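In case you want the letters, here they are:
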Amino acid sequence: MKLIVTGATGFVGAEIVRLALSNKAITSIIALARKPVEAPDNAGPDADTAKLHSIVIEDWMAEYPQSVKEQIKGADACIWNLAITPTKSMNMDFSEVTKVCHGYTLNGIRNMTGVVNEPFRFIYTSGIAVERDQSKNIHTQPLAEYRHMRVYGSLPRAIQSTDVLDQGRTENDLLEFAQHHETGIEVVSTRPGGIEGPGHPFKPEMGPIWKGLGLEDIHVWLHVSQLAAAMIELSVNGFTKDILWPKELVELGNRVISKEDYVS
Ligand SMILES: NC(=O)c1ccc[n+]([C@@H]2O[C@H](COP(=O)([O-])OP(=O)(O)OC[C@H]3O[C@@H](n4cnc5c(N)ncnc54)[C@H](OP(=O)(O)O)[C@@H]3O)[C@@H](O)[C@H]2O)c1
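Residues numbered from 1 in each chain as written. Predicted model: local features only at pLDDT ≥ 70, side-chain atom pairs only at ≥ 80, totals over all residues. Heavy atoms only, no water.

A. Broad picture of the side chain of Lys-69. Tracing the backbone shows Lys-69 in helix α2 (residues 66-72). Beyond its immediate stretch of four places on either side in the chain, Lys-69 contacts Glu-63, Tyr-64, Asn-111 and Val-115. (Helix = DSSP H or I, 4+ residues; strand = E, 2+ residues; numbered from the N terminus. Contact = heavy atoms within 4.5 Å.)

Below, the structure is given as structure tokens:
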């Protein structure tokens, strides 16, 4: 199968590429990024680095050039990791964060539809703290605006600017898009919490923050290799739900990867 990966220069996306290079079910990996993506040095003895094709996109809000469409043609799945993380978003203009997190994602799935195979599986990397229940008042909680934008975009600061409001609702808009293409686009959101891995240690200080959001710390953390393996499995064998939580991602990841295959 042919797999598209975005955000492959980042923490999670790089691990997806590393594991996908050794996965026999995946015959081609199209890495879409704003800079070239190279096969990692730690790819392992079974890795087939010839499967990796790096495609640079300059304008993520425009229609993808014909040359890019030619490359993604016939793809069977996409794992979308391109985003500005909550921590990085704190020092940025929120409309730019919304454009990247929401605008690039929706423009991406629109450009893929029509040239990719059907069914096409779109695995969206979201986060545990995003809030789907619009009736819940989370306005006083940390990163409330960001958390709604990844799902809704309907918070006080966003409401002041209609263009930002229109660009919100990422998870829901992806699902709605898939419903309108009922013959072939399947969307799932993975909702990791804290992700551990090389250079990204477990942070006990996050405990009280997770608790404040009503989340139990023990169920929140997972290893980047578990997450990457779980998302590859979803792309290869499909899914029956539209959200996967950390505990489910850990179980799925553990089923398909052993600890010695974790990135170190
Ligand atoms: N890390 C965590 O603990 C954690 C926890 C829960 C959920 N998540 C979610 O997991 C996903 C991936 O996170 P990550 O930790 O892998 O993030 P990351 O390391 O910051 O990687 C983000 C990726 O997005 C790309 N990107 C960002 N802004 C861009 C722009 N303006 N144009 C083009 N590409 C852009 C980056 O490309 P460049 O390299 O070119 O900047 C990079 O490839 C995100 O949705 C995040 O919210 C992460």
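B. Broad picture of the pattern of salt bridges. In the structure shown here, the tally under the stated rule is six salt bridges. The partner of Glu-186 in a salt bridge is Arg-121, with the nearest N and O atoms 3.6 Å apart. Placement of Glu-186 in strand β6 (residues 185-190) and of Arg-121 in strand β5 (residues 120-125) is noted, with a sequence separation of 65 residues between them. (Salt bridge = Lys/Arg side-chain N within 4 Å of Asp/Glu carboxyl O.)

C. Quick peek at the packing of aromatic side chains. Under the counting rule described, the total for this entry stands at four aromatic pairs. Geometrically, the ring pair formed by Trp-60 and Trp-80 is edge-to-face, given 6.3 Å between the ring centres and 90 degrees between the ring planes. Here Trp-60, found in the loop between β3 (52-56) and α2, pairs with Trp-80, found in strand β4 (residues 77-80); they are 20 residues apart in sequence, far enough to count as distant. Note on Trp-60: relative accessible area 4%, which makes it buried. What makes Trp-80 buried here is its relative accessible area of 0%. Put simply, the rings of Trp-60, Trp-80, Tyr-104 and Phe-122 pair up and form one aromatic cluster. (Phe/Tyr/Trp six-rings, centres within 6.5 Å; stacked < 30°, edge-to-face > 60°. Buried < 20%, exposed > 50% of the residue type's maximum accessible area, 1.4 Å probe, protein only.)

D. Quick peek at helix α11 (residues 246-256). Listed as buried for α11 are Pro-246, Leu-249, Leu-252 and Gly-253. All buried residues of α11 lie within an arc of 130 degrees about the axis, which places them on one face of the element. (Arc of directions from axis to C-beta.)

E. Spatial organisation of the environment of Asn-117. Mapped onto the elements, Asn-117 comes out in the loop between α4 (94-112) and β5. Counting along the chain gives 44 residues from Asn-117 to Lys-73, while the straight-line C-alpha distance between them is 7.5 Å. The residues touching Asn-117, leaving out its near neighbours within four places in the chain, are Gly-74, Ala-75 and Asp-76. A polar atom in the side chain of Asn-117 sits 3.1 Å from the backbone oxygen of Gly-74. (Polar contact = N/O pair within 3.5 Å; in protein donor to acceptor, adjacent residues only side chain to side chain.)

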